[in-house]
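The chain contents come next:
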Amino acid sequence: MKQISKKMKTTGLISTSEFCMFHNVEIHFVEMLQEADLIKVTIVNKDTFIPKAELQKLEKLISLYQLGINIEGLEAIIHLLDRFEKTQEDLRHLKNKLRLYENE
């Protein structure tokens with residue numbers, strides 16, 4: 001049976017403890033965000049890791065939290081930002097559709 005090393009399993013992941021040390025935040029904060037379904041984490045051999053795709057969102061959440069916004073406030077902000085991004089995506093799609101009709 002082929003053994004997969006821990007390093008191979010954690011490619012594209014950042015250790016939660018290292019991330020928290022670098023950003024000077026408690027691991028509990030990341031756990032609260034994960035419990036609130038604001039970020040996703042990956043567990044490998046009982047160690048918690050943050051996917052690189054989540055880093056930008058997590059850093060944004062840390063900045064907001066440091067401004068004194070609680071977890072519930074962060075949930076509301078992320079929900080509104082997601083809706084805003086979806087609206088912008090829809091608008092881009094409609095503009096592209098409109099260009100097709102203009103060029104006919």
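Residues numbered from 1 in each chain as written. Predicted model: local features only at pLDDT ≥ 70, side-chain atom pairs only at ≥ 80, totals over all residues. Heavy atoms only, no water.

**Notes on the overall build of the protein**
Here is step 1: What the protein contains, in helices and strands, is five helices and three strands.
Here is step 2: Listing each helix as α and each strand as β along the protein from the N terminus yields α-β-α-α-β-β-α-α.
Here is step 3: Counting the 104 residues in the protein, one finds 25% classified as buried.
Here is step 4: Residue pairs in contact within the protein that sit at least 24 positions apart in sequence constitute 61% of those at least 6 positions apart.
Here is step 5: Summed over all atoms, the accessible surface of the protein reaches about 8300 Å², with 54% contributed by carbon and sulfur. (Helix = DSSP H or I, 4+ residues; strand = E, 2+ residues; numbered from the N terminus. Buried < 20%, exposed > 50% of the residue type's maximum accessible area, 1.4 Å probe, protein only. Contact = heavy atoms within 4.5 Å. Areas by Shrake-Rupley, 256 points an atom, 1.4 Å probe, with all protein chains shown as cover.)

**Some remarks on the nonpolar core**
Here is step 1: If you look at the biggest cluster of nonpolar residues, it comprises 17 residues, and the most contacted ones within it are Phe19, Leu33, Leu58, Leu61 and Leu74.
Here is step 2: When contributions to this core are tallied by element, the ones reaching two or more residues are helix 2 (16-23), helix 3 (27-35), helix 4 (55-66) and helix 5 (71-102).
Here is step 3: Top element by residues in this core is helix 4. It accounts for five residues.
Here is step 4: Other than its neighbours up to four places away in sequence, Phe19 contacts Ile14, Ile50, Leu55, Leu58, Glu59 and Ile62. (Core = buried A, V, L, I, M, F, W, Y, C linked by side-chain atoms within 4.5 Å.)

**Quick word on the packing of aromatic side chains**
Here is step 1: All told, the structure shown has one aromatic pair when counted by the stated rule.
Here is step 2: Each ring, one from Phe29 and one from Tyr65, has its centre 4.3 Å from the other, and the planes form 35°; the classification is tilted. One end of the pair, Phe29, is in helix 3; the other, Tyr65, is in helix 4, with 36 residues separating them in the sequence. (Phe/Tyr/Trp six-rings, centres within 6.5 Å; stacked < 30°, edge-to-face > 60°.)

**What to know about the pairing of strand 3 (residues 47-51)**
Side-chain direction in a regular strand flips from residue to residue, so the side chains alternate between the two faces of the sheet.
Here is step 1: Two strands pair when backbone bridges link them, and strand 1 (residues 13-15) and strand 3 are joined in this way by three bridges, in the antiparallel orientation. Looking at the pairing, Ile14 lines up with Ile50 of strand 3.
Here is step 2: Across three bridges, strand 2 (residues 42-44) lies against strand 3 in antiparallel orientation. Pairing of Val44 across the sheet is with Asp47, part of strand 3. (Pairing = 2+ DSSP bridges.)

**What about the side chain of Glu54?**
Here is step 1: By the element assignment, Glu54 lies in the loop between strand 3 and helix 4.
Here is step 2: Lys57 provides the closest opposite charge to the buried, unpaired Glu54, separated from it by 4.7 Å.
Here is step 3: Within the local environment of Glu54, its side chain forms a polar contact with the backbone nitrogen of Lys40, the two atoms lying 3.0 Å apart.
Here is step 4: Setting aside anything within four residues of it in sequence, one finds Glu54 in contact with Leu38, Ile39 and Lys40. (Lys, Arg positive; Asp, Glu negative; His and termini not counted. Salt bridge = Lys/Arg side-chain N within 4 Å of Asp/Glu carboxyl O. Polar contact = N/O pair within 3.5 Å; in protein donor to acceptor, adjacent residues only side chain to side chain.)

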